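# Residue-level structure breakdown
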Number of protein chains: 2
Amino acid sequence: MSKNRLIYLPLGGAGEIGMNAYVYGWGKPGEERLILVDLGVTFPDMDTTPGVNLIMPDISFLKENIDRLEAIFITHAHEDHVGAVGRLWPELKVPVYARAFTGHLAQLKLEDAGQDPSNVEIVGAWPEKVEAGPFKVAFLPISHSIPESAGLVIDSPGGRIVHTGDFKLDPAPGVGEPWDEALWREATGGRVRALVCDSTNVFSPHPGRSEAGLKSEIEALVTKAPHMVVATTFASNVARVKTLAEAGQAAGRSVCLLGRAMRRMIEAAVKTGIVESFPATVTPEDARDIPRESLMLIVTGSQGERRAASAQLARGKYLGLEMAEGDTFLFSSKTIPGNERSVGRILNAFSEMGVDVVAEDDRYHVSGHANRPDLEKMHAVVDPEFVIPMHGEHRHLREHAKLAQANGRQSLVVVNGALADLTGPVPHVVEHVEADRVYLDGDILIGALDGIVRDRIRLALNGHVIVNVILEGDEPLGDPWVEIVGLPETGKSRASLIDVLEEDLGQFLMRAKGKTLRDDDALEGELVKIAKKTALDEIGRKPEVTVVMSRLEP
Amino acid sequence: MSKNRLIYLPLGGAGEIGMNAYVYGWGKPGEERLILVDLGVTFPDMDTTPGVNLIMPDISFLKENIDRLEAIFITHAHEDHVGAVGRLWPELKVPVYARAFTGHLAQLKLEDAGQDPSNVEIVGAWPEKVEAGPFKVAFLPISHSIPESAGLVIDSPGGRIVHTGDFKLDPAPGVGEPWDEALWREATGGRVRALVCDSTNVFSPHPGRSEAGLKSEIEALVTKAPHMVVATTFASNVARVKTLAEAGQAAGRSVCLLGRAMRRMIEAAVKTGIVESFPATVTPEDARDIPRESLMLIVTGSQGERRAASAQLARGKYLGLEMAEGDTFLFSSKTIPGNERSVGRILNAFSEMGVDVVAEDDRYHVSGHANRPDLEKMHAVVDPEFVIPMHGEHRHLREHAKLAQANGRQSLVVVNGALADLTGPVPHVVEHVEADRVYLDGDILIGALDGIVRDRIRLALNGHVIVNVILEGDEPLGDPWVEIVGLPETGKSRASLIDVLEEDLGQFLMRAKGKTLRDDDALEGELVKIAKKTALDEIGRKPEVTVVMSRLEP
């Protein structure tokens with residue numbers, strides 16, 4: 001008879017920064033009772049996922065073992081931790097637990113998805129505990145770039161796991177609880193089997209700086225700016241938005257929040273009591289009538305998102321407001337790798353308008369993640385039997401494991417889909433489950449491997465030729481007809497590409513044997529081959545070819 | 001009668017980093033004799049230019065005024081300065097002047113394009129001068145990340161212009177001439193009308209470091225590496241390739257160069273006498289038999305280019321060589337903004353193999369461009385009447401102009417297509433000419449505004465529906481037929497998307513009036529509208545729709 005075991009299975013977040021979803025289990029192999037920590041999204045890009053709206057973890061494993069799943073715990077309200085709750089909860093339908101601010105936003109997501117928001121249960125911080133099957137889970141406050149972030153203390157008959165969630169060690173984070181070492185020592189005290197730990201900033205060598213250090217710098221910048229000041233940061237960084245707004249207020253400026261996400265987040269923070277006081281704000285309508293030098297806008301779009309307020313302002317008027325020469329635009333943020341080009345476009349657009357842009361300046365931004373020395377500090381405080389790095393690309397996880405090992409701790413890289421047994425003296429991966437990605441494409445969920453997005457990429461790279469042929473029995477009826485999309489109209493022969501394609505395809509049809517003409521697959525194959533070859537000769541490129549074949553009754 | 005004037009007209013490079021092409025002219029307005037400095041390319045990306053092979057400046061202005069163009073001068077052999085010579089020279093057919101190394105590579109480009117390489121004339125450095133119409137042009141050696149870079153001293157009856165080309169102030173660049181302040185003072189002495197100056201690193205606050213400082217760091221790294229070492233840098237950075245190879249040699253390793261561009265560049269350097277000694281290298285075939293700890297590969301692909309050697313090694317075997325656990329991979333380079341994701345994919349692939357990757361580490365890389373204090377130094381050495389920033393995005397040009405102005409110098413931002421008159425006491429833009437971009441797409445040159453690439457982007461974002469209808473007179477012959485590419489097969493109704501589209505389109509056709517059915521445009525418009533609406537209902541997305549309409553003789 002096999003023994004109970006404690007397992008860890010990341011379905012997302014271990015091999016990427018985004019789409020967090022971590023499974024823990026306790027029980028006999030294959031019968032473990034399960035809990036899920038976080039259920040987030042990641043964002044598409046044109047290179048690999050054109051046209052996709054959102055990317056979510058593949059939770060097939062949970063669906064196939066749905067009777068074993070006890071509950072979902074959400075550590076904090078960032079989209080990469082809570083973003084998939086609305087869309088995927090209906091496939092799981094187990095209780096969701098979170099602290100007030102996070103839970104409030106998770107409830108809004110369930111509502112948006114037409115689900116009952118009361119499925120999200122609000123719980124208090126440690127020492128309060130939630131029982132979920134064999135697990136007892138407590139939310140342990142920690143500082144991050146969003147209010148009310150929590151690590152989880154997960155107790156099971158197989159031992160205690162400490163799951164950090166996203167964190168930084170900030171004694172003065174502005175909004176939300178500060179890093180409280182004594183609390184963490186107390187709550188995680190005793191034997192900790194595994195520390196499952198944020199790896200994002202493992203390559204940043206210096207200890208993290210505090211949010212508190214930004215206040216005077218931002219105030220100085222806003223005060224000395226001669227005209228309108230516009231600042232952007234992540235909407236969810238309530239502490240930063242507050243710091244910016246207070247700087248505006250201190251400089252005698254009216255403050256206006258632009259962008260739906262930002263207003264929603266501040267409302268949630270006020271409603272849940274996270275923020276006790278927030279400077280008075282004016283509406284965009286009122287802002288239009290305020291002299292520029294007395295106005296400060298705080299806007300969404302720090303990553304250059306096309307539809308957010310900063311991109312709109314870069315293109316011209318937005319809600320009646322626009323940038324002008326001498327204005328100041330502050331990116332109180334860091335550009336996430338991959339977003340450099342879209343942020344760059346905005347910087348250049350503002351530059352053309354004569355706006356003074358302040359970007360990528362450490363005086364006005366601190367990271368929400370623990371740097372390398374802070375990770376070592378966390379290892380020391382929790383003092384676990386082993387460290388399992390999470391929340392990182394493979395290179396972050398590997399570096400984090402090496403860091404732990406260099407300090408004499410056991411550590412193991414466990415990637416998405418790898419099921420690790422944490423029971424024995426040495427953690428090890430015992431099996432692999434399907435854990436790819438699912439795309440929200442329009443309103444439809446499609447698999448990353450379905451080939452749909454691959455086909456779209458091919459269309460973008462190669463263009464599209466449509467060949468239309470009508471047959472009556474084994475006789476072509478008239479000439480083939482070609483349409484092109486995304487291809488040059490004229491090729492090397494200086495004739496119309498369509499004409500040359502129609503000519504070559506027509507020649508083939510005239511000569512083709514009845515056997516080929518009667519066989520749909522053979523005929524399509526030949527037509528595709530000829531169209532590609534002709535295009536290659538004419539324009540130096542093999543397009544995607546779709547053959548539309550119509551057979552009329554003879 | 002209008003007076004002669006001295007003009008400056010960037011056609012590329014002023015508003016982007018890449019695609020350099022700068023026109024100077026002297027003469028009566030509209031009749032100026034012209035010279036072109038540099039003729040480079042820039043590289044496509046999936047966001048804005050999927051499927052495009054290369055991006056080049058639109059030289060319509062030069063073609064329309066071809067009888068006024070005297071010559072082309074190439075400052076150095078980077079692709080963004082010389083890359084379009086092969087493709088565009090046939091449209092200009094004027095002499096090309098360059099120094100030996102640059103000229104050798106430009107000649108290869110003409111050969112590759114089937115043109116006579118002798119149209120590139122090799123000239124010596126200052127004080128040698130080339131006469132081109134009213135201009136006398138001298139190549140003034142300067143340090144950069146490729147050998148034999150030159151600034152240009154351009155003398156005209158309207159005064160002297162100093163065009164820096166790309167540069168850094170490096171007293172010990174390894175290969176190629178060091179920064180020689182005395183030479184520059186002498187050659188640019190006297191009254192300089194305008195300094196047209198590289199702006200790339202205007203946001204880098206500290207003075208640039210020397211290539212010489214890397215040698216001992218790289219040697220230390222290569223020496224202590226326990227297994228195989230692989231290093232990548234730009235192939236054209238001959239000095240760096242040499243430093244890397246010498247480090248391998250010093251560590252007792254056999255050195256193997258991987259990647260065609262790298263071998264070609266080193267061959268050119270040896271052939272033109274730029275490099276006197278280069279460590280002996282082994283072929284990839286021989287490298288396979290050498291113990292890993294005695295081997296060093298120097299490979300192409302520092303920017304994550306899909307087909308370059310480093311990406312191939314990240315995917316598996318390349319020319320019989322492959323990475324293994326414990327190997328070291330050094331990026332002796334900086335990731336260019338926009339390439340973070342492709343470089344990241346390689347870093348993570350190596351991490352999965354257990355390879356130790358060293359990247360974005362200043363100890364192993366210095367920039368080829370002058371930093372902010374170096375730019376101020378250049379301004380001071382040349383001491384021009386005004387500074388015109390070039391080689392930068394708009395924000396770099398603007399910042400560079402502000403820097404010059406802060407030091408009491410006149411400065412003007414002149415962007416692509418802006419024609420500046422440099423004759424009077426204050427430079428000013430007098431007109432704008434067409435100066436967009438041209439894409440090499442397959443083998444065909446297409447305009448950036450032709451809509452071809454825009455159509456491909458739409459296909460990638462929206463997918464493609466093809467509607468096929470056959471009519472006989474005003475009677476539909478059979479049902480409409482739909483094909484989809486890049487779209488989910490099943491929609492919200494759980495029925496096949498194709499079936500639902502065919503059903504809705506068929507319903508419409510049955511009810512449609514003869515007048516609509518006889519009118520191609522009206523019918524197509526209706527079919528597109530219905531297909532988009534049905535798709536929006538079913539899958540939440542409006543696809544691109546192509547209607548293929550066949551009319552048979554009644």
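Residues numbered from 1 in each chain as written. Chains lettered and ligands numbered in written order. Predicted model: local features only at pLDDT ≥ 70, side-chain atom pairs only at ≥ 80, totals over all residues. Heavy atoms only, no water.

## Remarks on the overall build of chain A
Within chain A, the regular secondary structure consists of 17 helices and 27 strands. Within the span of chain A, comprising 554 residues, buried residues form 58% of the whole. Partitioning the intrachain contacts of chain A with sequence separation of at least 6 by distance along the chain shows that 70% fall at a separation of at least 24. Of the roughly 21,500 Å² of accessible surface on chain A, a fraction of 48% belongs to carbon and sulfur atoms. Of the side chains in chain A, 59 bear a positive and 81 a negative charge, and the two mean positions are spaced by 3 Å. (Helix = DSSP H or I, 4+ residues; strand = E, 2+ residues; numbered from the N terminus. Buried < 20%, exposed > 50% of the residue type's maximum accessible area, 1.4 Å probe, protein only. Contact = heavy atoms within 4.5 Å. Areas by Shrake-Rupley, 256 points an atom, 1.4 Å probe, with all protein chains shown as cover. Lys, Arg positive; Asp, Glu negative; His and termini not counted. Charge placed at Lys NZ, Arg CZ, Asp CG, Glu CD.)

## Remarks on the interface of chain B and chain A
On the chain A side, the residues contacting the 65 residues of chain B number 65 residues. Buried area between chain B and chain A, summed over both chains or domains, comes out near 5,400 Å², and the portion from carbon and sulfur atoms is 58%. For the interface between chain B and chain A, the tally reads 10 salt bridges. The shortest N-O distance in the salt bridge between R541(B) and D441(A) comes to 2.9 Å. At the boundary of chain B and chain A, one finds 36 residue pairs in polar contact (both at pLDDT 80 or more). Among the secondary structure elements, those contributing two or more residues to the side of chain B that touches chain A are helix 11 (340-353), helix 13 (394-406), strand 23 (444-447), helix 14 (452-462), strand 24 (464-472), strand 26 (481-485), helix 17 (520-539) and strand 27 (544-552) of chain B. Considering each element in turn, the side of chain B that touches chain A owes the most residues, eight residues, to helix 14 of chain B. Looking at the side of chain B that touches chain A, its residues break down into 25 nonpolar, 20 polar and 20 charged. (Buried area = accessible area lost by both parts, 1.4 Å probe. Salt bridge = Lys/Arg side-chain N within 4 Å of Asp/Glu carboxyl O. Polar contact = N/O pair within 3.5 Å; in protein donor to acceptor, adjacent residues only side chain to side chain. Nonpolar A, V, L, I, M, F, W, Y, C, P; charged D, E, K, R; others polar.)

## Regarding helix 11 (residues 340-353) of chain A
All names here are of chain A. Given a rise of 1.5 Å per residue, 14 residues ought to cover 20 Å, and the 20 Å separating the end C-alpha atoms of helix 11 matches this to within 8%. For helix 11, every residue scored as buried is listed here: E340, S342, V343, G344, I346, L347, N348, F350 and S351. The positive-phi residue at the C-terminal boundary of helix 11 is G354, with phi of around 85°. (Expected span 1.5 Å × (residues − 1).)

## Here's the deal with the sheet that holds strand 8 (residues 130-132) of chain A
All names here are of chain A. Read across the sheet, seven strands follow the order 8-9-10-11-12-18-19 without closing on themselves; strand pairing throughout is mixed. Each of the sheet's edge strands pairs with one partner strand only, and the pair in question is strand 8 and strand 19 (410-411). Bridge count for strand 10 (residues 150-156) against strand 11 (residues 159-163) is five bridges, and the pairing is antiparallel. Considered in strand 11, the bridge of L152 is made with H163. Seen against the sheet, helix 12 (residues 372-382) touches strand 11, strand 12 (192-198) and strand 18 (386-390) and runs at an angle of roughly 160° to strand 12. Lying on the sheet, helix 13 (residues 394-406) is in contact with strand 12, strand 18 and strand 19; it crosses strand 18 at an angle near 160°. (Pairing = 2+ DSSP bridges. Axes fitted to C-alpha atoms, helices over the stretch in contact; angles between N-to-C directions.)

## Things to note about the pairing of strand 3 (residues 33-37) of chain B
Residue and element names in this part refer to chain B. Judged by how many residues are buried, strand 3 sits mostly within the fold: four of five residues are covered. Relative to strand 3, strand 2 (residues 21-27) runs antiparallel, the two being bridged by five bridges. Bridge pairing in strand 3 places V23 opposite L36. The hairpin turn running from strand 2 into strand 3, its antiparallel successor, is five residues long, and G30 in that turn takes a positive phi close to 85°.

## Structural notes on the relation of the copies chain B and chain A
With an RMSD of 0.1 Å, the fit of chain B onto chain A corresponds to turning through 180° and sliding 0.0 Å along the axis. When the rotation and shift are considered jointly, the pair of chain copies conforms to a two-fold rotation axis. The rotation axis passes nearest to the C-alpha of A460(B) in chain B, at a distance of 2.6 Å. By residue overlap, the copies meet face to face through one surface: 100% of the interface positions of chain B are interface positions in chain A. (Least-squares fit on C-alpha atoms with pLDDT ≥ 70 in both.)

## Examining the packing of aromatic side chains
Residue and element names in this part refer to chain A. Going through the model one piece at a time under the given rule, you end up with 14 aromatic pairs over all chains. Centroid distance F329 to F331: 5.1 Å. Interplanar angle 50°. Geometry classified as tilted. This pair shows no difference in class: F329 is buried, exactly as F331 is. Taken together, the ring pairs in this structure connect Y8, Y22 and Y24 into an aromatic cluster. (Phe/Tyr/Trp six-rings, centres within 6.5 Å; stacked < 30°, edge-to-face > 60°.)

## Some remarks on the sheet that holds strand 14 (residues 254-258) of chain A
All names here are of chain A. Spatially, the five strands line up as an open sheet ordered 14-15-13-16-17, and their pairing is parallel. Here the strands that pair on one side only, and so sit at the sheet edges, are strand 14 and strand 17 (356-358). Put simply, the sheet's adjacent strands are angled 20° from each other on average, direction ignored. In the sheet, strand 14 pairs with strand 15 (residues 295-299) via five bridges, with the strands oriented parallel.

## Here we look at the environment of A531(A)
In this fold, A531(A) is placed in helix 17 (residues 520-539). Taking C-alpha positions, A531(A) is 9.6 Å from V500(A), a pair spaced 31 residues apart along the chain.

## So, the packing of helix 13 of chain A against helix 11 of chain B
Geometrically, a packed helix pair is captured by the angle between its two axes and the distance between the axes. Two elements in contact, helix 13 of chain A and helix 11 of chain B, have axes separated by 8 Å at closest approach and are oriented at 45°. Relative to helix 11 of chain B, the element helix 13 of chain A lies oblique. As helix 13 of chain A runs across helix 11 of chain B, the sense of the crossing is left-handed. Contacts between helix 13 of chain A and helix 11 of chain B pair H394(A), R395(A) and R398(A) from the former with L347(B), N348(B), S351(B) and E352(B) from the latter. Split into classes, the residues belonging to the contact of helix 13 of chain A with helix 11 of chain B amount to one nonpolar, three polar and three charged. (Parallel < 35°, antiparallel > 145°, perpendicular 65-115°, else oblique. Left-handed = near helix turned anticlockwise from the far one by under 90°.)

## Thoughts on the nonpolar core
Counting residues in hydrophobic clusters, the biggest one holds 70 residues, and the most contacted among them are V467(A) and V467(B). Grouped together as the second largest cluster of nonpolar side chains are 36 residues, V175(B), A231(B), A247(B) and M262(B) included. (Core = buried A, V, L, I, M, F, W, Y, C linked by side-chain atoms within 4.5 Å.)

## Concerning the UniProt feature "domain: Metallo-beta-lactamase" (unreviewed entry) in chain A
Annotation from UniProt places "domain: Metallo-beta-lactamase" (unreviewed entry) at residues 18-206 of chain A. Secondary structure content for residues 18-206 of chain A is 17% helix and 30% strand, and the end C-alpha separation is 24 Å. (UniProt positions renumbered as here; feature names shortened; annotations may be inferred.)

## Brief notes about unusual backbone geometry
Following W126(A), the chain continues to P127(A) via a peptide bond in cis, the omega torsion being 15°. For P127(A), the location among the structural elements is in the loop between strand 7 (120-122) and strand 8. If you check the backbone angles, H391(A) has positive phi at about 50° while not being a glycine. Locating H391(A) in the fold gives a position in the loop between strand 18 and helix 13. In this structure H391(A) comes out as buried when scored by relative accessible area, which is 1%. Unlike most non-glycine residues, M19(B) shows phi in positive territory, near 60°.

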